[in-house]
Structures are given as C-alpha cells and as structure tokens.
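Residues per chain, in single letters:
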Amino acid sequence: MVKISDAVGIIASILGVFFVRTGEKGDPGKALNNGTVSSAVFYTIGSFFLVVVMFGWDLSYFKAAVVGDTVGDPFKDTSAPSMNILLKLMTVVSLVFGPMILIIHKWLISLF
C-alpha cells in the first residue's frame, strides 16, 4: 500500500508540474499555487481509486489519506527547518558523548 501510494503521489506531483505555467508578465506565486492545488487534486483522486481497488468501498482509508495529506504538508513545511537543526544537534551530541558513555560503561562493568 505504501509503495503504491508513493507512486500515486509522484505521478500527481509530475502532473502538477505541468500546471505551473506563467506568461510573460505572470505571477510566479500564483502559478506555483495552481501547481500545488492541482497536484493535491490529482493525489486525492488517485488515492480514492487506489483505496477502492485495494480495500473496497471502506472509505476510512481514503479519509485517513486525505487528512494526512492536508494536515501533513503544512506541518512538514513549518516544522522541517526546526527539525533539521534538532537532527544536526542530536547527531553531534551522539558523536561526541557516545564514545565517552561507552568508555564509562566499560569502566563501571570492570569494577564489578
């Protein structure tokens, strides 16, 4: 299910790229908005058919996909920059303190 829905999302994104058109004096923000909206519509339609084929007419999976898409995208856009800093910090902390904790652990084990 996950790989097929990923394929639906990729196809919807590719189709959404074709809707990003600007004229000579067009507004690029409006064109990107049109592409984003059309990509979301294509994803919603594709996930509906995918859920109907795989699970029958039980639309709870489709509702979950739509909610995940509508809630997840803005959350990802707003939280991704802060999460990037947090991930880098945790990586550095684990690389610095990990060997120290291992050495202290081996020392404590050797005492008993």
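In what follows, the structure referred to is the one given above.
Residues numbered from 1 in each chain as written. Predicted model: local features only at pLDDT ≥ 70, side-chain atom pairs only at ≥ 80, totals over all residues. Heavy atoms only, no water.

### Details of the overall build of the protein chain
Put simply, the rule is: Only DSSP runs of H or I covering at least 4 residues are called helices, and only runs of E covering at least 2 are called strands; the numbering of each starts at the N terminus. Burial here depends on accessible area, computed with a 1.4 Å probe over protein chains only, as a share of the maximum for the residue type. Under 20% is buried, over 50% is exposed, and the range in between is partly exposed. We call two residues contacting when some pair of their heavy atoms lies within 4.5 Å. Computed with a 1.4 Å probe, the accessible areas rest on the Shrake-Rupley method; for each residue, only the protein chains presented here act as cover.
Secondary structure assignment for the protein chain yields 3 helices and 0 strands. Written out in order from the N terminus, the α and β elements of the protein chain read α-α-α. Per-residue burial over the protein chain gives 15% buried out of 112 residues. In the protein chain, once contacts between residues fewer than 6 apart in sequence are set aside, the share between residues at least 24 apart is 45%. Accessible area for the protein chain stands at about 8900 Å²; split by element, carbon and sulfur atoms hold 74% of it.

### What to know about the packing of aromatic side chains
This is how it is decided: Whether two aromatic rings pair depends on their centres lying within 6.5 Å, for rings of Phe, Tyr and Trp, where Trp uses its six-membered ring; planes under 30 degrees apart make the pair stacked, over 60 edge-to-face, and the rest tilted.
Overall, the coordinates contain 2 aromatic pairs when judged by the stated rule. A centroid spacing of 5.6 Å and a plane angle of 65° characterise the contact between Phe48 and Phe49, whose relative ring orientation is edge-to-face. By the ring-pair criterion, three or more aromatic residues cluster together here, those being Phe48, Phe49 and Trp57.

### Describing the environment of Val8
Here Val8 shows up in helix 1 (residues 2–17). Taking the C-alpha atoms as reference points, Val8 and Thr44, separated by 36 residues in sequence, lie 9.2 Å from one another. For Val8, the residues in contact, after removing those within four places along its chain, are Tyr43, Gly46, Ser47 and Leu50.

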